[in-house]
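Take a look at the letters that make up each chain.
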Amino acid sequence: MEYTVQQLAKLAGVTSRTLRYYDEIGLLKPARVNASGYRIYGPKEVDQLQQILFYRELGVDLETIKQIITSPSFDDVQALKQHREKLLAERRRLEALIANVEKTLLAKEGRMMMSDKEKFEAFKQQLIDENERKYGKEIREKYGDEQVNKSNEKVKNMTQAQYEEVTKLGEEVLRVLHEAFLTGDPAGELAQKAADLHRQWLGYFWDHYSKEAHAGLAQMYVDDERFKAYYDQKQPGMAEFLRDAIFIYTGKK
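Computed from a predicted model, the values in this text were never measured in an experiment. (Residues numbered from 1 in each chain as written. Predicted model: local features only at pLDDT ≥ 70, side-chain atom pairs only at ≥ 80, totals over all residues. Heavy atoms only, no water.)

Asks: How should I be thinking about the nonpolar core in this particular structure?
Replies: Across soluble globular proteins, you tend to see nonpolar side chains buried next to one another. Counting 36 residues, the largest nonpolar core has L177, W201, F205 and Y221 as its most contacted members. Of all the secondary-structure elements, those providing two or more residues to this core are α9 (160-183), α10 (189-202), α11 (211-223), α12 (225-232) and α13 (238-250). Judged by nonpolar contacts, the second largest core, of 19 residues, contains L8, L27, L49 and A229. (Core = buried A, V, L, I, M, F, W, Y, C linked by side-chain atoms within 4.5 Å. Buried < 20%, exposed > 50% of the residue type's maximum accessible area, 1.4 Å probe, protein only. Helix = DSSP H or I, 4+ residues; strand = E, 2+ residues; numbered from the N terminus.)

Structural data, given as structure tokens:
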């Protein structure tokens with residue numbers, strides 16, 4: 001089946017202006033333009049728009065989406081499987097938060113007791129799930145289940161203060177990394193500060209730190225499109241910049 005801009009926009013729940021913009025930037029080209037000058041979209045373009053909207057829902061910027069879906073190695077079936085895993089992880093995260101809110105309400109109403117540790121279990125589980133979603137498969141293959149499970153236990157045993165610290169630290173890593181990226185110098189003071197903050201952030205998750213593992217993870221951020229998209233979402237090229245900064249920080253380059 002074929003669709004005009006207006007028809008496809010209505011079907012997908014986006015605006016006609018959005019589709020025209022996607023065409024302008026080369027993200028989603030119509031299958032053809034008919035004799036009347038109307039853009040016409042076919043089954044291939046419909047599937048491609050679905051992928052674009054999946055990535056947008058996950059917070060990936062348009063330039064990165066374009067790089068991903070136009071890559072010769074792009075596998076739409078594998079991409080759908082990855083979308084499913086991310087959405088399932090998000091559902092688990094929300095279910096855990098809902099359960100935590102319900103328990104808190106019962107405790108406030110005097111219908112049950114809730115320890116301070118329980119009050120923060122859902123948030124710590126969220127960190128674990130997010131870490132597994134971003135790094136799980138690759139890290140388990142590289143370092144083994146035992147090491148990853150130890151890291152997860154370390155997170156579960158975090159105190160409230162530690163949880164707040166690692167959350168703020170993660171935000172600080174991205175903030176300083178972006179500032180450093182604007183300087184264009186991975187060996188500069190800001191870039192090396194970002195690398196050191198990243199090392200401190202890893203300390204909350206890793207059972208022990210090594211420069212080799214840190215450098216290996218930094219390379220993974222570039223080699224894996226999902227990790228690359230995470231760091232490039234604010235500014236394309238930040239994943240490579242972080243890797244270069246960490247290579248210099250660890251003496252691997």
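Still more to cover.
Asks: I would appreciate a short explanation of the packing of α9 against α10 in the present structure.
Replies: Each packed pair of helices is defined by two parameters, the angle between the axes and the distance between the axes. Remark: α9 packs on α10, axes separated minimally by 8 Å, with the N-to-C direction vectors making an angle of 160°. Compared by their axis directions, α9 and α10 come out roughly antiparallel. The two elements α9 and α10 cross, and the hand of that crossing is left-handed. Residue-level contacts link V166, L169, G170, E172, V173, V176, L177, E179, A180 and T183 of α9 to L190, A191, K193, A194, L197, H198, Q200 and W201 of α10. For the contact of α9 with α10, the class distribution of residues is eleven nonpolar, four polar and three charged. (Axes fitted to C-alpha atoms, helices over the stretch in contact; angles between N-to-C directions. Parallel < 35°, antiparallel > 145°, perpendicular 65-115°, else oblique. Left-handed = near helix turned anticlockwise from the far one by under 90°. Contact = heavy atoms within 4.5 Å. Nonpolar A, V, L, I, M, F, W, Y, C, P; charged D, E, K, R; others polar.)

Asks: I tried to follow the packing of aromatic side chains on my own but got confused; where do I start?
Replies: For any pair of aromatic rings, geometry is given as the distance between the ring centres together with the angle between the planes. All chains considered together, the criterion is met by six aromatic pairs. Taken together, a centroid distance of 4.6 Å and an interplanar angle of 45° make the contact between Y221 and Y231 tilted. Taken together, the positions of Y221 in helix α11 and Y231 in helix α12 put the pair ten residues apart, joining distant regions of the chain. Residue Y221 shares its accessibility class with Y231, and that shared class is buried. Three or more aromatic residues link up through ring pairs in this structure, and these residues are Y221, F227, Y230 and Y231. (Phe/Tyr/Trp six-rings, centres within 6.5 Å; stacked < 30°, edge-to-face > 60°.)

Asks: Help me out: how do you make sense of helix α1 (residues 5-12) in this one?
Replies: Along an α-helix, residues three or four positions apart point the same way, because every turn accommodates 3.6 residues. When α1 is considered as a whole, its buried residues turn out to be V5, L8 and A9. For α1, the buried positions fall inside an angular range of 100° around the axis, keeping them on one side. More than 90 degrees from the buried face of α1, the exposed residues found are Q6, K10 and L11. (Arc of directions from axis to C-beta.)

Asks: Can you walk me through the pattern of salt bridges in this structure?
Replies: Two side chains bearing opposite charge may form a pair once their charged atoms approach each other closely. One pass over the structure, following the stated rule, counts eleven salt bridges. Here E85 and R84 are joined by a salt bridge, their closest N and O atoms 4.0 Å apart. We classify R84 as partly exposed; its relative accessible area is 49%. For E212, the salt bridge goes to K252, with nearest N and O atoms at 3.3 Å. One end of the pair, E212, is in helix α11; the other, K252, is in the segment after α13, with 40 residues separating them in the sequence. You can call E212 exposed: its relative accessible area is 52%. On the basis of relative accessible area, K252 is assigned to the partly exposed category, the value being 40%. Each of the salt bridges in this network shares a partner with another, and the network as a whole consists of D23, K29 and R39. (Salt bridge = Lys/Arg side-chain N within 4 Å of Asp/Glu carboxyl O.)

Honestly, that's just the spatial picture; any functional story needs more than this.
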